[in-house]
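The residues making up each chain are set out below.
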Amino acid sequence: MCACIMTTRIQRRATKMVKGGRLGSKIKREHQEDQGNMDAGEGNSITGSEGNSPSTPSSVKKRKYYCCFKDEWCKEAAFKNWLRKIDGMTAECILCHQGFSIKYEGRRAVTSHADSSKHRESEKQRKDMPQIPVVVPETDVYQEDMVTAAELGQVYHSIVHQLSYASQGCAYKTLSMILPDSVVARKMSCGLTKATSIAEKVLAPKSQELLLKDLEEVPFFSVGSDAYNKGSRKFFPVTIRYFSATEGIKHGLLDFYSESSSDSVASQIVAILQENGLNVTRMASYMIDNASVDFGKHWSVFQDLKQLNGGLIQVGCMGHVIHNCLKRAMRALSFDVETFVLKVYSEFSSSTKKVDSLMSFYEFVETEYKDVLQHVTTRWLTLLPTVDRILESWSVLRAYFLSLGEENCLKIMWEAFGADEHASLPLCYVHFVHNLMRIFSEAAKKLECDHVTCTELHSVLENLHTKLKRRKEDKFYGKSSQVILGNVSASENRKFTEEAEKTLSRCIAYLEQWYYFETSIFEQMAVLSLNTEVKWFDLVTLVTALCIDIDIDQLYNEYCVLQKLREEIISKEQKVDQRWVKVFKQIPEHGDSQLLKLVSFVLSIPVSNAFCEKIYNLMAQLWSKDRSRLNDSLVKAELQVQLNFNISCADFHDFLYRNPELLRAARGEENYKCKKEEPEDEDIPPVP
């Protein structure tokens, strides 16, 4: 009986709990619907659900309501000066630099922030500050252009300064955190894939288009090339040098390819010129180093190009000639100065203990310590600063090696430092080489300058040739060498004099072998340097020697104008190419000028391979071990951007707005292609 009563009570209680639960759920749903209706006036509502199917009575799902940002809030007078939308559930105050959520409170969250003490203080500070008008873009297109221009500018900056694209991708993320109030910084996004695509498909083609546009305005240009080894592959840059009547001498990189045999080099050059709408008959000269594969008499790259252009001028790198001249002449000396310098450097290059010991000798003589410089064997004239440093520290170095003793020194080191400093024959050899290197270095620096012209080549080499001949005739070997020769024995004096005479003779013979001082055409070109009075006979002789089709009558009229301007121009300008820029500013309608045709031919001829060497240095820095995975096309694109754009990173941003097609191409709206002119109609036979 008790058990039955207990069971009945439990059943009644369970029934009441079920009814109460259903009733409670109903009340909660009604309350949530009322709450949602209240929030509907403040923002759009979003519902969310959790749990099982709503048809199941035992698992009624709980509905969630969220608020969304309304664009009308930004137009209200109380909010329009500081409220910005970040996303559907987040707003931002540009005065406080603070974001806040409107997910749960909607408009009340905005008004709560407006009533906060921090916001009121920010508004007060803004009123006290002078008002600066802010230009708000009216359309999203302008904002897209700003973002795209910023991305292109950063890619250009990373290429010019050889930064990795990974570091730039990290910089974009950092900028969005540093500048949260900048819409451009937040929207910038340019990772590795996008950056490489911009470099290869947008910037590089535009740089090549600018180069070709300049070449349309000039009658002649010169082509240069050389080989660069990267592992087991050879790379050849095709460089262009030309004279612009408005800017002077300019250089550019037309192409960059990989090939091996000599006959294919000529074929590649002709194919690249035709592909870019350039005729091989407009080539004034072909510049490369002095290897036989390039300038052989019977079968070489130059001979292949000569068959297509009979007026092509052969130009060897005179910088290499000067380097090799002294290097080969030094073989006549019994004391090898180059080996001596290398041994001195190797003594201290890999031993910290020896460097510390050398520093103690510097401290003893109360002299500032200076490192021993390294000599690069492939460039002989790097020996000059190295020998400078050794001669400057000779007393300290001599004391160091004397402290080691003869047993612990190399033979060549003890031979140089073991003798008395005032009667040391090896030191006499070092002073003699140092004296010669000064005049060779002076000539090499002039020829390796970017704006040096072939009108100056003859005077530079003639000056060097004359100095060497006078030293031989006067038996002058330098003041320091003459002092030491007065203290050595007669046999040592005679030995040194014979070797020095032989060295000077070798220098003179080598220069005469590679440059014909009496019959060189570069001597006739010197008339265009404007250093001396320009004579009509010299101009006609030069035109005849170059075999250029020129209207002599029109050339004479322009020659008369030149005579009036020459003295005034040379007094104000030292560079030859800039002198001619000023001349053509005074000649009306110089587009059909015959004098421009002659000057363009002559000034486009280079005298050294320095520009190609510059490309190798850039390529070595670009294709470093840290960036060894770069492909050939990307290396070519970055080199073209660096060399063909003559624009600073700051000015490049304005350049982009003047060329909106680049912005469209970077956004992927179109594939930008270099606008190339069609080659001239003249038939060009294939390279044999």
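Residues numbered from 1 in each chain as written. Predicted model: local features only at pLDDT ≥ 70, side-chain atom pairs only at ≥ 80, totals over all residues. Heavy atoms only, no water.

### Observations concerning the pattern of salt bridges
Spelled out, the test is: Whenever a carboxyl oxygen of Asp or Glu lies within 4 Å of a side-chain nitrogen of Lys or Arg, that contact is scored as a salt bridge. A run of H or I in DSSP becomes a helix once it reaches four residues, and a run of E becomes a strand once it reaches two; helices and strands are each numbered from the N terminus.
Overall, the coordinates contain 16 salt bridges when judged by the stated rule. For K250, the salt bridge identified is with D214, shortest N-O distance 2.8 Å. On the criterion of sequence distance, the pair formed by K250 in strand β9 (residues 248-258) and D214 in helix α7 (residues 192-216) is long-range, its members being 36 residues apart. In this structure, a network of salt bridges that share partners links the residues K206, E209 and E661.

### Focus on the nonpolar core
Heads up, the rule is: By nonpolar core we mean a set of buried residues, namely Ala, Val, Leu, Ile, Met, Phe, Trp, Tyr and Cys, connected to one another through side-chain atoms within 4.5 Å. Under the scheme applied here, a residue whose accessible area is under 20% of the maximum for its type counts as buried, over 50% as exposed, and between as partly exposed, the area being computed with a 1.4 Å probe on protein chains only.
Formed by 108 residues in total, the largest nonpolar core has its most connected members in F340, L468, W580 and L598. Considering every element that reaches this core, the biggest residue donor is helix α17 (residues 425-447), with 14 residues. If you look at the next biggest cluster of nonpolar residues, it comprises 45 residues, including V155, I159, L663 and A665.

### Considerations on a negative patch on the surface
The following threshold applies: Exposure above 30% relative accessible area and no salt bridge define the residues that can form patches, which grow by joining like charges within 9 Å and nonpolar side chains of Val, Leu, Ile, Met, Phe, Trp and Tyr within 5 Å. Every accessible area reported is derived by Shrake-Rupley at a probe size of 1.4 Å, with residue values counting cover from the shown protein chains alone. The sign given to each residue is positive for Lys and Arg and negative for Asp and Glu; His and the chain ends receive no count. Positions of charges follow a simple convention, taking NZ of Lys, CZ of Arg, CG of Asp or CD of Glu.
Residues D549, D551, D553 and D592 make up a contiguous surface patch of negative charge. One can find D551 in the loop between α22 (536-546) and α23 (552-570). The partly exposed category is assigned to D551, whose relative accessible area is 39%.

### So, helix α26 (residues 610-622)
Filter applied, for reference: A helix is expected to span 1.5 Å multiplied by its residue count minus one. Here the arc refers to the set of directions running from the helix axis out to each C-beta atom. We call two residues in contact when some of their heavy atoms are within 4.5 Å.
The end-to-end C-alpha separation of α26 is 18 Å, in line with the 18 Å expected for 13 residues at 1.5 Å each. Every buried residue of α26 is listed here: F611, C612, I615, Y616, L618, M619 and L622. Here the buried residues of α26 occupy an arc of 165° about the axis, which is enough to place them on one side. Looking at the buried side of α26, the elements it contacts are β6 (221-224), β7 (228-230), β8 (233-244), β9 and α27 (632-644).

### With respect to the packing of α7 against α27
What counts here: Only the contacting stretch of a helix is used when fitting its axis, a line to C-alpha atoms as for every element, and angles between N-to-C directions run 0 to 180 degrees. When describing relative orientation, an angle under 35 degrees is termed roughly parallel and one over 145 degrees roughly antiparallel, while 65 to 115 degrees is termed roughly perpendicular and anything else oblique. Left-handed is the label given to a crossing in which the near helix is rotated counterclockwise from the far helix by less than a right angle, and right-handed is the label when the rotation is clockwise. The classification used treats Ala, Val, Leu, Ile, Met, Phe, Trp, Tyr, Cys and Pro as nonpolar, Asp, Glu, Lys and Arg as charged, and all other residues, Gly among them, as polar.
Where α7 meets α27, the axes come as close as 8 Å, and the angle between the chain directions of the two elements is 45°. Accordingly, the angle class assigned to the pair α7 and α27 is oblique. Seen along the crossing, α7 lies across α27 with a hand that is left-handed. Across from T196, A199, E200, L203, A204, S207, Q208 and L211 in α7, the residues of α27 making contact are S633, L634, A637, Q640, V641 and N644. By residue class, the composition of the contact of α7 with α27 is seven nonpolar, six polar and one charged.

### Remarks on the packing of aromatic side chains
The following threshold applies: Two rings belonging to Phe, Tyr or Trp (six-membered ring only in the last case) form a pair when the distance between their centres is within 6.5 Å. Interplanar angles under 30 degrees mark stacking, angles over 60 mark edge-to-face geometry, and anything in between is tilted. In this scheme, Lys NZ or Arg CZ marks a charge over a ring once it lies within 6 Å of the ring centre and within 35 degrees of the ring normal.
Counting across every chain of the model gives 35 aromatic pairs. Pairing Y66 with Y104 gives two aromatic rings, centres 5.8 Å apart and planes at 80°, and the pair type is edge-to-face. Placement of the pair is Y66 in strand β2 (residues 64-67) and Y104 in the loop between β5 (98-101) and α2 (107-114), with a sequence separation of 38 residues. Its relative accessible area of 55% is what places Y104 among the exposed residues. A cation sits over an aromatic face here: K103 above Y66, 4.5 Å from the ring centre.

### Topic: the environment of L175
Along the chain, the position of L175 falls in helix α5 (residues 165-178). Note on L175: relative accessible area 29%, which makes it partly exposed.

### What about the pairing of strand β4 (residues 90-93)?
Using the following cut-off: Any two strands are treated as partners once DSSP identifies two or more bridges connecting them.
In terms of strand pairing, strand β3 (residues 83-87) meets β4 through four bridges, oriented antiparallel. Following the sheet pairing, L83 is matched in β4 by C93. Counting the residues in the hairpin turn of β3 and β4 gives two residues. When β4 meets β5, the two strands line up antiparallel, connected through four bridges. Looking at β5, one finds that T90 is bridged to S101. In sequence, β4 turns back onto β5 through a hairpin of four residues, with H97 there showing a positive phi of about 55°.

### Observations regarding a positive patch on the surface
Among the surface-exposed residues, R328, R331, K502 and R506 lie close enough to one another that they form a single positively charged patch. Considering the arrangement of structural elements, one finds R331 in the loop between α11 (318-329) and α12 (337-349).

### Considerations on α22
Among all positions in α22, only L539, L542, V543 and L546 are buried. The buried residues of α22 occupy an angular sector of 100° when projected down its axis, which confines them to one face. What points out from α22, more than 90 degrees from its buried face, is the exposed set F537 and T544. On its buried side, α22 packs onto β11 (313-316), α21 (521-525), α23 and α25 (594-603). Trailing α22 by a residue or two, C547 shows a phi angle of about 60°, which is positive.

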